[in-house]
Amino acid sequence: MPSSPKILFLSVSAGAGHMRAAEALKDSTLLLDPRAEVRHLDVMDYVPSTFRKIYTDYYIKLVTKHPAIWGMLYQASSEAPPDGVSQKLRRAVERLSTRPLRSAIDAFAPDAIVCTHFLPAELLMREIGKGRLGVPVFVQITDFDLHRMWVIPRMTGFFAGNEEVAFRLRSHGIEEGRIHVTGIPIMPAFAQDHDRAACAASFGLDPARRTYLLMGGGAGLGVAPLARRLAAADPELQLVVLAGKNKAALEELQTAAAGHPGRLFPLGFTNEVPRLMTAADLVITKPGGLSTSECLAMGVPMLLSAPIPGQEERNADYLLENGAAMKAVDEIGLEYHIALLKAEPQRLEAMRRNARALGRPHAGQDAMRVVLRGLSS
C-alpha cells in the first residue's frame, strides 16, 4: 500500500444520503489511516448544467410532489433488462461530457475510488473498459434494497447494507468475492457512547420524561403542523423537532413552542443528531438509508412516516420485518402509534433491542478496511 494512500469518493447530490455516505467513508478512512489523502467530489459539478438540473432538481420535485410516479419509475427501471432500450438510452445520456470529471480524477491521481451513487460508477465502468482508468473502483449501496442500476460490471467490489442485498447482487451475476456485507456507512460520531442524562440536559430536556425526536430532513417539509398535532395529542411527551434548513418551518415551530412550554423543542440544522438520538426514546423519520442506519447504530427505535414509493418503502419493509420500527401512513397513523407505544412501553423496548442488534455503527470503517487492504496486497 502507498505510504499515503489517496482515496477519491464520488457521489451525486440527488438527495442528501449519497453525499452523507461519502463523507462518512471519508472520515472513516482517516480514522483508519490518518496519513491518507482523501477527496470527495460531487459528480454534478462536472456535468452540463442542463443534465444536472434534470438529474437532481427533477428527481427532488418528483419524489416530493409526485411520489407515486417515482415509485412506478423506480420499479420499472429496476426490472428493465440490462440491454433494454431504456437502459441503453440512460447510459448513453450518462456518458455525455465526462471529460471534466476525468480531468479532476487525473489531477488527484487516486489509488482507489469509492462511489456512493451508481451514476459515477457507470461513468467509470466505461473508462475502465476503454483502458483509461486502471485503479480499483468500489460501489457503496446506500439502501437496504438493490435497484438494478447499482449492478455495474467491472467494479472491484460492492458494499452491501444487508445479506439480502448481497443475495440480490449474486443473483445478478456479481461474484461472491466482490461482495462485502458491511452496512450503510454513517459518520463516526454515531458509534460513540453518550450519556443520556448529560445529552438531555444540554438541550434543556428532562431525561426522565418520554422524549421523541421528529426529523424533517434537510428541507424540513411538513414538520410544523405535524409537531403541533403530536404535542396536542400527548401532553406528557417531550418532542424535539428538527426543521433542517427550513427557516420558515423553524419560526413556525418556535411560535408553537410558546404554547407548549417545556414540551416542544424546535431546532434548525444541527450536527448534534447523535446526542439528540441518545436523549430520545423514539425517532420519527422518513426511512432513508442513511437516517435509519444512524438510528440503528444508536439503538433507537423508529416510527416511519410516509415513505417514498421505491427505495424508502423497501427500507421500511426491512426495518419492519426485523422489528426495529413501526410505520404510519399518515398523520392519523402517527398519532395512533404514539398512543399505542405510550400504552404498551414493552413494544418500544423490544424495538430498541432489535434496532441495536441490526445496527452497524462501524460500517464505514469496515468498508474502507477492504479498500485499504486491497491496496496493500
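About the criteria used
Residues numbered from 1 in each chain as written. Predicted model: local features only at pLDDT ≥ 70, side-chain atom pairs only at ≥ 80, totals over all residues. Heavy atoms only, no water. Helix = DSSP H or I, 4+ residues; strand = E, 2+ residues; numbered from the N terminus. Buried < 20%, exposed > 50% of the residue type's maximum accessible area, 1.4 Å probe, protein only. Areas by Shrake-Rupley, 256 points an atom, 1.4 Å probe, with all protein chains shown as cover. Phe/Tyr/Trp six-rings, centres within 6.5 Å; stacked < 30°, edge-to-face > 60°. Lys NZ or Arg CZ within 6 Å of the ring centre and 35° of its normal. Salt bridge = Lys/Arg side-chain N within 4 Å of Asp/Glu carboxyl O. Contact = heavy atoms within 4.5 Å. Pairing = 2+ DSSP bridges. Axes fitted to C-alpha atoms, helices over the stretch in contact; angles between N-to-C directions. Parallel < 35°, antiparallel > 145°, perpendicular 65-115°, else oblique. Nonpolar A, V, L, I, M, F, W, Y, C, P; charged D, E, K, R; others polar. Right-handed = clockwise from strand over helix to strand, strands pointing away. 1 Å grid on protein atoms, 1.4 Å probe; cavity = no way out; pocket = protein on both sides within 12 Å on 5 of 7 lines; lining within 4 Å. Points joined across faces, edges and corners; volume = space filled by probe spheres on them. Left-handed = near helix turned anticlockwise from the far one by under 90°.

A. Representation of the overall build of the protein within the structure. Across its full length, the protein carries 16 helices and 12 strands. Each of the 377 residues in the protein was classed as buried or not, and the buried ones make up 53%. Accessible area of the protein: about 16,500 Å², with a carbon and sulfur share of 55%.

B. Geometry of the packing of aromatic side chains. A complete count under the given rule lists three aromatic pairs for this structure. An angle of 10 degrees between the planes, with centres 5.6 Å apart, marks the rings of F138 and F159 as stacked. Within this pair, whereas F138 is found in strand 4 (residues 137-140), its partner F159 is found in strand 5 (residues 157-160), the two being separated by 21 residues in sequence. Take F138 and F159: they sit in the same class, and that class is buried. When the centroid spacing of 4.6 Å and the interplanar angle of 25 degrees are considered together, the rings of F144 and Y318 count as stacked. With F144 in the loop between strand 4 and strand 5 and Y318 in helix 13 (residues 311-321), this residue pair connects regions lying 174 residues apart in the sequence. Neither residue differs from the other here; F144 and Y318 are each classed as buried. Its end group placed over the ring of F269, K245 keeps NZ or CZ at 5.2 Å from the ring centre.

C. Up close: the environment of A243. If you trace the backbone, A243 turns up in the loop between strand 8 (238-242) and helix 10 (247-257). In this structure A243 comes out as buried when scored by relative accessible area, which is 0%. Along the chain, A243 and F269 lie 26 residues apart, while their C-alpha atoms are 6.7 Å from each other.

D. Region of the structure containing the pattern of salt bridges. For the structure shown, the criterion picks out 22 salt bridges. For E127, the salt bridge identified is with R132, shortest N-O distance 2.9 Å. Because the salt bridges share partners, they merge into one network encompassing R196, D281, E349 and R352.

E. Molecular detail of helix 12 (residues 289-298). Within helix 12, 10 of the 10 residues are buried, which leaves it mostly tucked inside the rest of the structure. When helix 12 is considered as a whole, its buried residues turn out to be G289, L290, S291, T292, S293, E294, C295, L296, A297 and M298. Taken together, the buried residues of helix 12 touch helix 1 (16-32), helix 11 (273-279), strand 10 (282-285), strand 11 (302-305), helix 13 and helix 15 (345-358). Two residues or fewer after helix 12 comes G299, characterised by a positive phi angle close to 70 degrees.

F. Structural detail: the sheet that holds strand 12 (residues 325-328). The sheet built from six strands is open, its strands ordered 9-8-7-10-11-12 with parallel pairing. Edge positions in the sheet fall to strand 9 (264-267) and strand 12, since each of these pairs with one other strand and no more. Taking the axes of each pair of neighbouring strands and ignoring which way they run, one obtains an average angle of 20 degrees across the sheet. Alignment of strand 10 against strand 11, held across three bridges, turns out to be parallel. When the bridges of strand 11 are listed, T285 appears paired with L304. Packing of helix 9 (residues 223-233) onto the sheet brings it into contact with strand 7 (211-215), strand 8, strand 9 and strand 10, and relative to strand 8 it is tilted by some 180 degrees. Along the sheet face, helix 12 touches strand 10 and strand 11 and points at about 170 degrees away from the line of strand 11.

G. Local environment of the packing of helix 14 (residues 331-343) against helix 15. Between helix 14 and helix 15, the least distance of the axes is 4 Å, while the angle of their chain directions is 95 degrees. Taken together, the axes of helix 14 and helix 15 are roughly perpendicular relative to one another. Contacts from L340, L341, K342 and A343 in helix 14 reach P345, R347, L348 and M351 in helix 15. In terms of residue class, the contact of helix 14 with helix 15 is built from six nonpolar, no polar and two charged.

H. Local environment of the side chain of S305. Looking at the element boundaries, S305 is found in strand 11. Look at S305 and you get buried, because its relative accessible area is 13%. When neighbours within four sequence positions are excluded, S305 is seen to be in contact with T285, K286, P287, A328 and L334.

I. Structural view of the pairing of strand 12. Pairing of strand 11 with strand 12 involves four bridges; the strand directions are parallel. When the sheet's bridge partners are listed, L304 is paired in strand 12 with K327. Handedness of the crossover joining strand 11 and strand 12 through helix 13 is recorded here as right-handed.

J. Main features of empty space enclosed by the protein. Inspection of every chain in the model, using the stated rule, returns one cavity of 30 Å³ or more. F144, G161, G183, I184, I186, S293, L296, Y318, L358, G359 and R360 are the residues that line the largest cavity. Taken together, the residues that form the lining of the largest cavity break down as six nonpolar, four polar and one charged.

K. Spatial organisation of the packing of helix 9 against helix 10. Contact geometry for helix 9 and helix 10: axes closest at 9 Å, N-to-C directions at 20 degrees. Viewed along their axes, helix 9 and helix 10 adopt a mutual orientation that is roughly parallel. The handedness of the crossing between helix 9 and helix 10 is right-handed. Contacts from V223, A224, P225, A227 and R228 in helix 9 reach A249, E252, L253 and A256 in helix 10.

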